[in-house]
Amino acid sequence: MKVLIVDDSKAMRLIVRRTLRQAGFGDHEVAEAENGKQALDAIGSGAPDLILCDWNMPEMSGIDLLTTLRSHGDRTKFGFVTSEGTTEMRERAAAEGALFLIAKPFTADTFKEVLGAHFP
Amino acid sequence: MRISRTIVEQVTQSVWQAISSEPLLTAHERVTADTGEGYFAGVVTITGDWEGAVTVECSPPLAVRTATKILQSDVATREDVCDALGEIANMIGGNIKAMLSGTCHLSLPSVVSGDDFRTRFPGTEKLYTLRFQCAGDAIIVSVLKRMTHMVS
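All values derive from a computational prediction rather than experimental measurement.

K.L.:
Quick question: what am I supposed to make of the packing of helix α2 (residues 60-71) of chain B against helix α3 (residues 78-97) of chain B here?
P.N.:
Two quantities define a packed helix pair, namely the angle between the helix axes and the distance between the axes. Residues and elements named next belong to chain B. α3 packs onto α2 with a crossing angle of 90° between their chain directions and a minimal axis gap of 9 Å. On the basis of their axis angle, the class for α2 and α3 is roughly perpendicular. Contacts between α2 and α3 involve A63, V64, T66, A67, I70 and L71 on the former and, on the latter, D80, V81, A84 and I88.

Set out below in structure tokens:
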């Protein structure tokens, strides 16, 4: 399975990678993008199976990436990993087609619990 | 919900525990992040139904140590340190914003580094300043709120 991590923070992309390993998902291929625009380019050249995406990013936000993908008929599994876990944002994420929203900070147990259903 | 000192402390501890194994201890009022050789300051602003800012000031040894820990590397560039501190400010600010009523928006983080500088936010009042130390090095979290004025 190919996972695309989208976050403007290099530190956070590393933390997400590490937490995926700690949660038992380390055997899967992982790619990275710094924002929604880079993610679109990465998706165009090699479709991921799961996108883990920050919400607030320069160039193109995570929610704009999601709405762009869905408007083009792309149904890739998509979830947010963001510092903002309000009810309003969770509802908007779900309405736009996200499968989950994991709030930062997170643990390996949270990843196991939330992502387990989306990995083979 | 109203932001309380306890909430800010809980959020800071929660974020810190997720990124570092070093304990964060409450420090006395005279503790400063400026070691005399400069310091780092990460900032996020919140706008909307509540307006203000969350700042995270960090002494250079702690900022560098935290960045190398996150990167799992022996060295961290200035950019790496700023990125790590920006993400810490983002997480603390984002969790505080999540507790606010109404509709609010969180800015992208900004990070300033250097010596002999102060971050100022005109038109705001400081609600809380929480001082911590990690193995003797300081990290200081402040929450500022925009003052509302009656126009006559």
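K.L.:
Teacher, can you tell me more about unusual backbone geometry here?
P.N.:
Most of the time, phi is negative for any residue but glycine, and the peptide bond is trans. Cis geometry is found at the peptide bond from A:K104 to A:P105, where omega equals 0°. Along the polypeptide, A:P105 turns up in the loop between β5 (100-103) and α5 (108-115). Despite not being glycine, B:D116 has its phi angle at roughly 55°, a positive value. Looking at where B:D116 falls in the secondary structure, it is placed in the loop between β5 (110-114) and β6 (124-134).

K.L.:
So what exactly am I meant to see when it comes to the interface of chain A and chain B here?
P.N.:
How big an interface is tends to be stated in terms of accessible area lost as the parts join. Across the contact, 22 residues belong to chain A and 22 residues belong to chain B. Roughly 1700 Å² of surface becomes buried between chain A and chain B when both sides are summed, with 53% attributable to carbon and sulfur atoms. Between chain A and chain B we count three salt bridges in total. With a shortest N-O distance of 2.8 Å, B:E87 and A:K104 are connected by a salt bridge. Counting the contacts that link chain A with chain B gives eleven residue pairs in polar contact (both at pLDDT 80 or more). Residue assignment for the side of chain A that touches chain B shows that the elements contributing at least two residues are α1 (10-22) and α4 (87-96) of chain A. When residues in the side of chain A that touches chain B are grouped by element, the largest group, seven residues, is from α1(A).

Parameters at a glance
Residues numbered from 1 in each chain as written. Chains lettered and ligands numbered in written order. Predicted model: local features only at pLDDT ≥ 70, side-chain atom pairs only at ≥ 80, totals over all residues. Heavy atoms only, no water. Axes fitted to C-alpha atoms, helices over the stretch in contact; angles between N-to-C directions. Helix = DSSP H or I, 4+ residues; strand = E, 2+ residues; numbered from the N terminus. Parallel < 35°, antiparallel > 145°, perpendicular 65-115°, else oblique. Contact = heavy atoms within 4.5 Å. Buried area = accessible area lost by both parts, 1.4 Å probe. Salt bridge = Lys/Arg side-chain N within 4 Å of Asp/Glu carboxyl O. Polar contact = N/O pair within 3.5 Å; in protein donor to acceptor, adjacent residues only side chain to side chain.

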